Structure formats: structure tokens, C-alpha cells
Amino acid sequence: MAGLSCGIVGLPNVGKSTLFNALTSNEAGASNYPFCTIDPNIGIVEVPDYRLAVLAELSNSKKIVPATMEFFDIAGLVKGASTGEGLGNKFLANIRETDAIAHVVRCFEDPNVVHVSGNIDPIRDIEIINLELILADMQMAENSLEKLRKQARGNKDLLLTIACLERARDHLDEGLPVRTLQLDYKEHELLKSYPFLTGKRVLYVANVSDENLPELENEHVARIREYAAKEGNDVIAVCSKLEEEIAQCDPDERNELLESFGFEKSGLERLIKVSFNMLGLMTFLTTGEIETRAWTILEGATAPEAAGKIHSDIQRGFIRAEVVAYEDMVSYKGRNGAREVGKMRVEGKDYIVKDGDVVLFLHS
């Protein structure tokens, strides 16, 4: 996984495109009618990481390459999307391509912005989309089972996969997402080939009005937090209009604006942090005269697996890794200073890389 791809989804007119514009500084058309976004707008944003500039100065790096996060602004969904209503089929196909879902939920009243259902009810809105994803997954499971049962007549090895898919289908039939289905390791591996929409982690993004600043709380947000807690999902509240204003500021003005509302981080930074944690992602760092770079890996990745993010040849020829914690790099003015005081460690193939490790890989 080189980075994180996140699909921004929600009903029409909940603020998806406004949020997308704020996050990526792109100009996706934000208009007061459904399906303003027909094909998914795609934006790649840099993951904020103050450590990169510090390391680059220590190493006299010619350039800085941050980790990135890819956002897909996906067409608004309507009831019946799983059977092709509205732009349902296109919407569902786009979600399958992403790692996670950022589900934008409208938590603001505005008579000038029509709501597709006529009034503000965040739980109803969430359940409309959740139901469509469940129905689409049930259809995929049934289609897959039909094919597998025919193939299993001459291949008994498929029986366990069939049993797993039947469990998933029955779970969905109870109105429950696949991500809440208890699976052992083997079952989990068997179902990897089936891209269940409800198998993806969801981050609910509660979009509030500027009247709810700086607390970013109201009765609608409270209801979403209660709903998400039962699912085991996360919630962040943002004001899309404020985020759009922040995105248009230069760095100094941006910090002043955030401080004026008592915020330490923008909604973008909070969204990335929660998304990384949700998917079990982290970054390790490399630094030298050519560049200082952040690399995205899964928590629990070994040194050779991390090396593979740089190049498959480095993973194949891995010999050892020289590792310095970021704090030690700063305290002792670089790798050589850290080495002199014994803060540089030589690690082998079993080493589990930690967030903020500054790594130099040696390979054949």
C-alpha cells in the first residue's frame, strides 16, 4: 500500500464537493442540485508531517517528498442505488476502488440548500447509504456463490470458500456490514478476493455550519457519535466552509485563522490522522542529500517489507537496516551523531518498523 485512497461519499447536497475542494484545493463543481459530481474527481494531497522539514535541514536535502493521500469525490447516492437508481452502479464501482470510506453527513440547517429527503436527519441519511451498500454486497455474494457451487462439483477445495461466503451473505441479510463479521485468519484470507463494500472501514464526517464553531458540536453530531460507537467506527466533525477558507490562505494566515477558533489542526490534518489510525497505517522516514521522504506502511510491517516500499530489489536483497528514532536524529544532529552515542541500531529481517523510524537499508 503506497498511500491511502479514501472515497468521499454521502447523499446529494451534504457538502461532499465543498469538503473535497477544501481538502485538495481543487475546484470540483459545488452546486445546489444532485449529481453535480458525475465522474469521481480525484485529488492527491500531501500528508502534513513537520518532521520532514527538520530532517531535510539536517541532511541538506535537495527536496522533500511527503506521504500522500488520495481522495475520490464520488457521485451522490440515492435510495435504490444498489439496483441502478440515479448513478448507483457507477457510484458503487467507484467505492470498490478505495481503501476506506469517508461518509459525509449533513448536520446543518440551510433553507437555501435543498435536502434530497426534505429535512435533516443524519441517522436516516447514514442508513440509506448503508442499506444500499449491504444490498449491493448481498447481490455480489449471491452471484459469486452461484458460480462457485457449479465449480465445486469438480473441486472440493472450494467448499470452505462457499461456506465463508454463505456466512457473509447471512450476516448481510441481518442488515449487518461484513466488517463486523467475526472471521479467523483463513476465512479472512479466503474473502479477500471478494471486494465487499461493507468490508471497508468507515469514517463519518459530520458537516456542521459556521454557527457551530468553534465547538463543532450540535444535536445531529451527538446522534452520529452514538450511532458510530455501536458500529465501532470513528467520527470527526468539520465545517466544510471553514476548511475551504483555510485552504485558500497562505501558511501564516492559515495558522492565525485556526488559532482564532482555538484549533491546533485543520480538518484535513484530523481526517488524515484518524484515517491512518483506522486503517493501521504509519510512516517511516528516509533522509539524505538527494531527498527526505515519508513512506506509508502498515503497522506491524517488518524491515524487509518496509524496504519493499522503496524498491522490490531492496526487499529481495535485504541485508540489514540502520535505524535511528526521529527524536534521536534531532537530538544528536543527524545519523553520525546518533551513531557516536550508540543511538543507531542495526536491525535484521524480524525487526518491526515503528512510526518515525529514520531508516537506511543495506542490501545486496
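Residues numbered from 1 in each chain as written. Predicted model: local features only at pLDDT ≥ 70, side-chain atom pairs only at ≥ 80, totals over all residues. Heavy atoms only, no water.

## Things to note about helix α11 (residues 303-310)
Then step 1. When we look at burial in α11, the residues that qualify are A303, P304, A306 and A307. Relative to the axis of α11, the buried residues are bounded by an arc of 155 degrees and lie together on one face.
Then step 2. On the buried face of α11, the contacting elements are β8 (281-287), β9 (291-298), α12 (312-316), β10 (318-325) and β12 (357-363). (Buried < 20%, exposed > 50% of the residue type's maximum accessible area, 1.4 Å probe, protein only. Helix = DSSP H or I, 4+ residues; strand = E, 2+ residues; numbered from the N terminus. Arc of directions from axis to C-beta. Contact = heavy atoms within 4.5 Å.)

## Some thoughts on the side chain of D328
Then step 1. Inspection of the secondary structure puts D328 in helix α13 (residues 326-331).
Then step 2. Of the side chains with opposite charge, K343 lies nearest to the buried D328, which makes no salt bridge, at 4.8 Å.
Then step 3. Leaving out residues up to four positions away in the same chain, D328 has contacts with A338 and K343. (Lys, Arg positive; Asp, Glu negative; His and termini not counted. Salt bridge = Lys/Arg side-chain N within 4 Å of Asp/Glu carboxyl O.)

## Section: the nonpolar core
Here is a general trend for soluble globular proteins: nonpolar side chains tend to be buried in one another's company.
Then step 1. Formed by 71 residues in total, the largest nonpolar core has its most connected members in M69, F71, Y204, V205 and I224.
Then step 2. Broken down by element, the residue count for this core peaks at seven residues, all from helix α10 (residues 267-279).
Then step 3. Listed in part, the 18 residues of the second largest apolar core include M138, I162, C164 and V178. (Core = buried A, V, L, I, M, F, W, Y, C linked by side-chain atoms within 4.5 Å.)

## Topic: the packing of aromatic side chains
Then step 1. Inspection of the entire model under this criterion finds six aromatic pairs.
Then step 2. Ring geometry for F284 and W295: centres 6.3 Å apart, planes at 15 degrees, overall stacked. With F284 in strand β8 and W295 in strand β9, this pair connects stretches of sequence that are 11 residues apart.
Then step 3. Judged by relative accessible area, which is 0%, F284 ranks as buried.
Then step 4. Looking at W295, the relative accessible area reads 13%, which means it is buried.
Then step 5. Taken together, the ring pairs connect F284, W295, F318 and F361 into an aromatic cluster. (Phe/Tyr/Trp six-rings, centres within 6.5 Å; stacked < 30°, edge-to-face > 60°.)

## A look at the packing of helix α1 (residues 16-24) against helix α8 (residues 240-247)
Then step 1. At their nearest, the axes of α1 and α8 sit 8 Å apart, and the two run at 25 degrees to each other. One element, α1, and the other, α8, form an angle in the roughly parallel class. Between α1 and α8 the crossing geometry is left-handed. Of the residues in α8, those in contact with T18, L19, N21 and A22 of α1 are S240, K241, E243, E244 and A247.
Then step 2. Looking at the contact of α1 with α8, its residues break down into three nonpolar, three polar and three charged. (Axes fitted to C-alpha atoms, helices over the stretch in contact; angles between N-to-C directions. Parallel < 35°, antiparallel > 145°, perpendicular 65-115°, else oblique. Left-handed = near helix turned anticlockwise from the far one by under 90°. Nonpolar A, V, L, I, M, F, W, Y, C, P; charged D, E, K, R; others polar.)

## Side note on the confidence of the model for the chain
Then step 1. Scored by pLDDT, the chain has a mean of 86; 89% of the residues are at 70 or more.
Then step 2. Across residues 26-39, confidence stays below pLDDT 50; counting only partners more than four residues off in sequence or on other chains, it has 38 contacts. (pLDDT = per-residue confidence, 0-100.)

## A word on the pattern of salt bridges
Where charged atoms of side chains with opposite charge meet at close range, the side chains can pair.
Then step 1. Scanning all chains against the criterion turns up 17 salt bridges.
Then step 2. Residue D49 is joined to R51 by a salt bridge in which the shortest nitrogen-to-oxygen separation is 2.9 Å.
Then step 3. In this structure, the salt-bridge partner of D125 is R124, at a minimum N-O distance of 3.0 Å.
Then step 4. Salt bridges here are not isolated pairs; linked through shared partners, they connect D49, R51 and D355.

## So, the pairing of β10
Then step 1. β10 sits mainly inside the fold: six of its eight residues count as buried.
Then step 2. In this structure, β10 lies alongside β12, joined through seven bridges in antiparallel fashion. Bridge pairing links V324 to V358 in β12.
Then step 3. In this sheet, strand β11 (residues 345-347) lies alongside β10 in antiparallel orientation, the contact comprising three bridges. Counted as the bridge partner of E322 is V346 from β11. (Pairing = 2+ DSSP bridges.)

## Some remarks on the sheet that holds strand β4 (residues 68-73)
Then step 1. One open sheet accounts for six strands, arranged β2-β4-β1-β5-β6-β7; its pairing is mixed. Of all the strands in the sheet, the pair left with one neighbour each is β2 (41-46) and β7 (234-238). The average angle at which neighbouring strand axes cross in this sheet is 25 degrees, direction not considered.
Then step 2. In terms of strand pairing, strand β6 (residues 201-207) meets β7 through five bridges, oriented parallel. For L203, the partnering residue across the bridge sits in β7 and is D234.

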